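# Structure at a glance
Chain residues, written in single-letter form:
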Amino acid sequence: MEVKTSLLDNMIGVGDMVLLEPLSEDSFLENLKNRFDHNEIYTYIGSVVISMNPYRSLPIYTPDKVEEYRNRNFYELSPHIYALADEAYRSLRDQDKDQCILITGESGAGKTEASKLVMSYVAAVCGKGQEVNKVKEQLLQSNPVLEAFGNAKTVRNDNSSRFGKYMDIEFDFKGDPLGGVISNYLLEKSRVVKQPRGERNFHIFYQLLSGASDDTLKKLKLHRDFSKYNYLSLDSAAVNGLDDAANFRTVRNAMQIVGFMEDEMQSVLELVAAVLKLGNIEFKPESRCNGTDESRIKDKNDLKEMCELLGIEQSVLERAFSYRTVEAKLEKVSTTLNVAQAYYARDALAKNLYSRLFSWLVTRINESIKAQTKTRHKVMGVLDIYGFEIFEDNSFEQFIINYCNEKLQQIFIELTLREEQEEYVREGIEWTNIEYFNNAVICDLIENNQNGILAMLDEECLRPGTVTDETFLDKLNTVCAEHQHFESRLSKNSKFLTDHSLPHSCFRIQHYAGKVLYRAEGFVDKNNDLLYRDLSQAMYKATHSLIKQLFPEGNPAKVNLKRPPTAGFQFRASVSTLMKNLQTKNPNYIRCIKPNDKKASHIFTESLVCHQARYLGLMENVRVRRAGYAFRQAYEPCLERYKMLCKRTWPHWRGPARQGVEVLMDDLQVPTDEFSYGRSKIFIRNPRTLFFLEDRRKQCLQDLAALIQKIYRGWKCRTHFLLLKKSQIVVSAWYRRYAQQKKYKKIKSATTVVQSYARGWQARKLLRELKYQKRCKEAVTTIAAYWHGTQARMELRRLKQEARNKHAVTVIWAYWQGTKARRELRRLKEEARRKHAVAVIWAYWQGLQVRREYRKFFRAHAGKKIYDFTIQRIMQKYFLGLKSDMPSMSPIDKKWPARPYRFLDGAHRELQRIFHLWRCKKYRSQFTEEMKAVYEEKLEASEIFKDKKALYPSSVNQPFKGDYLEIGKNPKYQKLNSAVDEKVLLADVVNKINRANGKGAARIFLLTKKSVVLADQKTGQVKASVPLPDLASVSVSTQTDGFFALKLKAGSASAIKGDFLLSSEHLIEIITKLHRTGATAADQEQLNIDISDEFLVQFKQDKVCVKFIQGAPKNGNSASCRRKNNRLLEVMVPSTA
Ligand SMILES: Nc1ncnc2c1ncn2[C@@H]1O[C@H](COP(=O)(O)OP(=O)(O)O)[C@@H](O)[C@H]1O
Ligand SMILES: [Mg+2]
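None of the values given here were measured: they were computed from a predicted structure.

About the thresholds
Residues numbered from 1 in each chain as written. Chains lettered and ligands numbered in written order. Predicted model: local features only at pLDDT ≥ 70, side-chain atom pairs only at ≥ 80, totals over all residues. Heavy atoms only, no water. Salt bridge = Lys/Arg side-chain N within 4 Å of Asp/Glu carboxyl O. Helix = DSSP H or I, 4+ residues; strand = E, 2+ residues; numbered from the N terminus. Buried < 20%, exposed > 50% of the residue type's maximum accessible area, 1.4 Å probe, protein only. Donors = N, O, S within 2.8 Å, 3.2 Å for Na, K, Ca; no water. Patch = residues over 30% accessible without salt bridge, like charges linked within 9 Å, V, L, I, M, F, W, Y side chains within 5 Å. Areas by Shrake-Rupley, 256 points an atom, 1.4 Å probe, with all protein chains shown as cover. Lys, Arg positive; Asp, Glu negative; His and termini not counted. Charge placed at Lys NZ, Arg CZ, Asp CG, Glu CD. Axes fitted to C-alpha atoms, helices over the stretch in contact; angles between N-to-C directions. Parallel < 35°, antiparallel > 145°, perpendicular 65-115°, else oblique. Left-handed = near helix turned anticlockwise from the far one by under 90°. Contact = heavy atoms within 4.5 Å. Nonpolar A, V, L, I, M, F, W, Y, C, P; charged D, E, K, R; others polar. Polar contact = N/O pair within 3.5 Å; in protein donor to acceptor, adjacent residues only side chain to side chain.

Next up on the list: the pattern of salt bridges. The final tally for this structure, using the stated rule, is 66 salt bridges. A salt bridge links Glu25 to Arg614; the nearest nitrogen and oxygen atoms lie 2.9 Å apart. Of the two residues, Glu25 is situated in helix H1 (residues 25–37) and Arg614 in helix H22 (residues 606–615); the sequence distance between them amounts to 589 residues. Overall, the relative accessible area of 27% leaves Glu25 in the partly exposed class. In this structure, the salt-bridge partner of Lys599 is Asp158, at a minimum N-O distance of 2.7 Å. With a gap of 441 residues between them, Lys599 in the loop between strand E16 (586–593) and H22 and Asp158 in the loop between strand E4 (151–152) and strand E5 (160–161) connect regions that are remote in the sequence. For Lys599, a relative accessible area of 25% puts it in the partly exposed group. Several salt bridges share partner residues, and in doing so they unite Glu936, Glu937, Glu940, Glu1069, Lys1073 and Arg1076 into one network.

See the structure below:
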């Protein structure tokens, strides 16, 4: 059974201040302290959650706790921020009401932590799934990124938000998160260039320098040393419990999850580095001749590195730090900056650079986390704005921050009251107004359009003429003097003329949360937020894409002469939009309180808490809540809780819950002015009544418990008794059964014994009888057996005797038969021998007789005749066979039938020879004269070269054509033909070998009956003509080459030019024809042909040796000639192998 607990169970102090009795400031604080000391940091005022900062981690944010508070009623469990988050989430999801969570409190009170707790609770209880989880993760991870860039250590808080943040989380109809939108409010950018004592610059600077890798730092041109940077405060650079290096990794990781690209992250870090560099740029004065001071940059190294980081031309920036150009409508005036102005310009640039980077980050995160679908969203807004701040020295920023808190207090007052009122109206309850401090008047002092402080500041800033902080203060003094929340020494209000706590340069405002003294110095400048146009133009010229985006007004094409809206104006506008937005949503309040000023756990500084409780109007809150009715509850849960107080409603009430409650109240006789019946709720005016009810309930619970106890005990005893009774019956039943069983078994065994004796006696008697009968039977059998035995033995003896006699007779008979048989066998053998001898003698006698008879018929020469006849027959068969098996008539047919007998060997071969000669003759007789001549030439070639020159075999099947050039027909050679009067026997192209290099030159070679002619191949012009008689000999090698030398007779007319060394493809034919022409001409001597691998050739005067060498086989099958020296030409002939 589920145990229903309540806010009122196990309570330390009072969980809901509304129920505090008696209600006084002391009891209020006492209750807070009591709870705080017992680690109960959350307390309700109705539906408002008061949260005390514990300054240490408590085990109340575990997943188990989340489960505990999930889907539970607000007052069901002890107060917790989760209960508020759950309530808000459920009414968003189930009742479709947009929600906003308003978290207020001063700096360090735990607002940011509270906002994160609310977000993480909602993330834990809303839907799950891959896509949803990604959205949740991105929403949650936007926090560390913004905190790194927007939070800093202050004296109040080590992680103080220096910007206002409002985040809308968007949900779909199921309550799954779709995305979000973050709005940021005015970053405290003055911190970039200067931090109050004991405070730090924004976290990211320290994180970057401690956590970035050496490599990254080198790329950013930074050193891991805070002391190198003017903008970093050094006295509090390290903060206890803050690990900057680890946080840097967290931030990078978070940026990645949110969806920043690697290059975007790099760009952001480059800008952060640039701000640090900017701080290190220093100026020195330089006097000019006209008496004015000009500023110069001291050391340009930092400027140079910064320009490199941002891709800005150094000279452009340098100029922007030295001059200021003012553009009026028509003219442009340039003035030089003095050192102070230069520093001002530098800091303005740094502040602008950083704050614009911050705004860009918010825009970029929004891009990542914005909802993808366009369906209608439900929205939960979480507002975490900088808390109310009072420093020693308060400036424009504090003024703005406190104004914002003023507005939030306003909305709190309005909505709490309105809602309360509306509820009474809704429920039909009479309502009388309650007094409380309304801070609308302070808001009016600040934001009034005519004479509000912000309006005057704007007016002062826009006014022509000299404007200073003093003139601004003067203006305030005149306009606001009468205002009851404005204090100043110089105002007309004489009250403050002697107030020495109020310096002349300051003014004081009585905020809802206390008086704050503001120093007027810097208000005008900060409101103007002036950045010289030269600087924004210099930034716009950068090649760094991000920086260019951040300074769009630097675009020279879009020069805007209108002043930009002031910071105050912008802030007022955005706060007003925010307020309008919040008013459309259902508010849920978390009011954070700081227990002490030391950031220490367990310390409860009463005065401090008292102050906060006062200005937060908590007491009023309780009073308002109680002025009407301290407690209200819907009828159903109320009846459920208190129904035991009345007999008629206990244990069950069947009817409407309201009637049940009415009956209950009647019965309890609660005075009627102590409560009212609303439409759906009962309203109890005084906590006393509630406590009366609770006490009665407690008492009743005790009575009920006693009753339950009584009934239970009675029931328990009776059940025990019944059990005992039942058990006793069972036991006795079992025992009786057992005893009877035992008795029965005894009788049974006795019976068995008696029975067995009787049976034994009977059996033995029978046995004896049977045994006697058996013995008689056995005796008869034995006697008969003996008798039969005697008879049998006698018969046996008789039979044996008979058998012996028979056997003797058989043996004697067998011996007799054997003797008879052997005698007969001997006789038969003798007879057979005799018969064989007679047959042999008869055969011999017959043979002799035949030979004598036929001897007279045989002659002496019959054998020879038979032999001759046989031979003749064989020959006849041989020739007839040959005739049918003759080879063809072709002389080259080598076929001849095989011989049939060896003795015919000689005749067979002779016949083959004769046949061959005969068929050759037949073949020759077919020749014409020309063919004959051709064959004669071939024959002659064979005689000359066969087996002497290796080239010969390849020439055998080449026909000797003679005229290869067709000299008679070809018109090209007409002239040459006519120059030779004889008939041309051979015309061919040969190579004439040049002695100088061994190379050949093509020549036409003509052979006629009388001479050899060499002519140019192209022109046909005769080069040499040698009459055949002048030729002495021809030399060729034994190898496959076509080289030949024509040697001339010494002394002849042709010999003057020397011999010819030629080569031709038709060498065999040329030489044969030459030889033959020499032989046919009767008047010529036979031409000598030398075949050798080395011969001499007469070239003009010199004799040159031509030597043929066989070389390796080559692709081109031609021989090549080379000149070795003056007296040696070498011809390489490829080997034929
Ligand atoms: N619920 C909490 N549990 C533990 N520590 C807390 C809690 N709330 C605040 N703190 C501590 O107080 C510090 C300041 O809280 P923070 O939320 O930053 O204050 P604020 O935003 O109001 O200026 C935190 O850094 C944290 O150490
Ligand atoms: Mg904060």
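Moving on from the model shown.
Here the magnesium ion (ligand 2) is held by the protein donor atoms Thr112 (OG1) and Ser161 (OG), which lie 2.0 to 2.2 Å from it. With Thr112 in helix H4 (residues 111–125) and Ser161 in strand E5, the pair connects residues that are 49 residues apart, well separated along the chain.

This next bit is on a positive patch on the surface. Residues Arg793, Arg797, Lys800 and Arg804 make up a contiguous surface patch of positive charge. Within the secondary structure, Lys800 sits in helix H26 (residues 687–854).

Moving on, we get to the packing of helix H10 (residues 262–280) against helix H13 (residues 339–369). Here H10 crosses H13 at 160°, and the two axes come no closer than 9 Å. Taken together, H10 and H13 sit at an angle that is classed as roughly antiparallel. Crossing angle aside, the handedness with which H10 passes H13 is left-handed. Counted together, Glu264, Val268, Leu271, Val272, Val275, Leu278 and Gly279 of H10 and Arg346, Leu349, Ala350, Leu353, Leu357, Trp360, Leu361 and Arg364 of H13 form the full contact between these two elements. For the contact of H10 with H13, the residue count by class is eleven nonpolar, one polar and three charged.

This part covers helix H11 (residues 300–310). Within the sequence span of H11, burial applies to Asp302, Leu303, Glu305, Met306, Cys307, Leu309 and Leu310. Of the surrounding elements, those touching the buried residues of H11 are helix H8 (214–219), H10, strand E9 (293–297), helix H12 (314–322), helix H19 (533–540) and helix H20 (545–550). Structurally, the start of H11 carries an N-cap: the backbone nitrogen of Asn301 is 3.1 Å from a side-chain oxygen of Asp299. Of the residues flanking the end of H11, it is Gly311, one or two places downstream, whose phi is positive at about 65°.

Between Glu21 and the following residue, Pro22, the backbone shows a cis peptide bond with an omega angle of -5°. With respect to the helices, strands and loops of the structure, Pro22 is situated in the segment before H1. Of note, the bond from Trp650 into Pro651 is cis; its omega dihedral lies within 30 degrees of zero at -5°. Positive phi, normally seen in glycine, also occurs at Asn39, with a value near 65°. Looking at the secondary structure, you find Asn39 in the loop between H1 and strand E1 (42–45). Owing to a relative accessible area of 34%, Asn39 belongs among the partly exposed residues under this scheme. Even without being glycine, Lys599 reaches a positive phi, approximately 55°.

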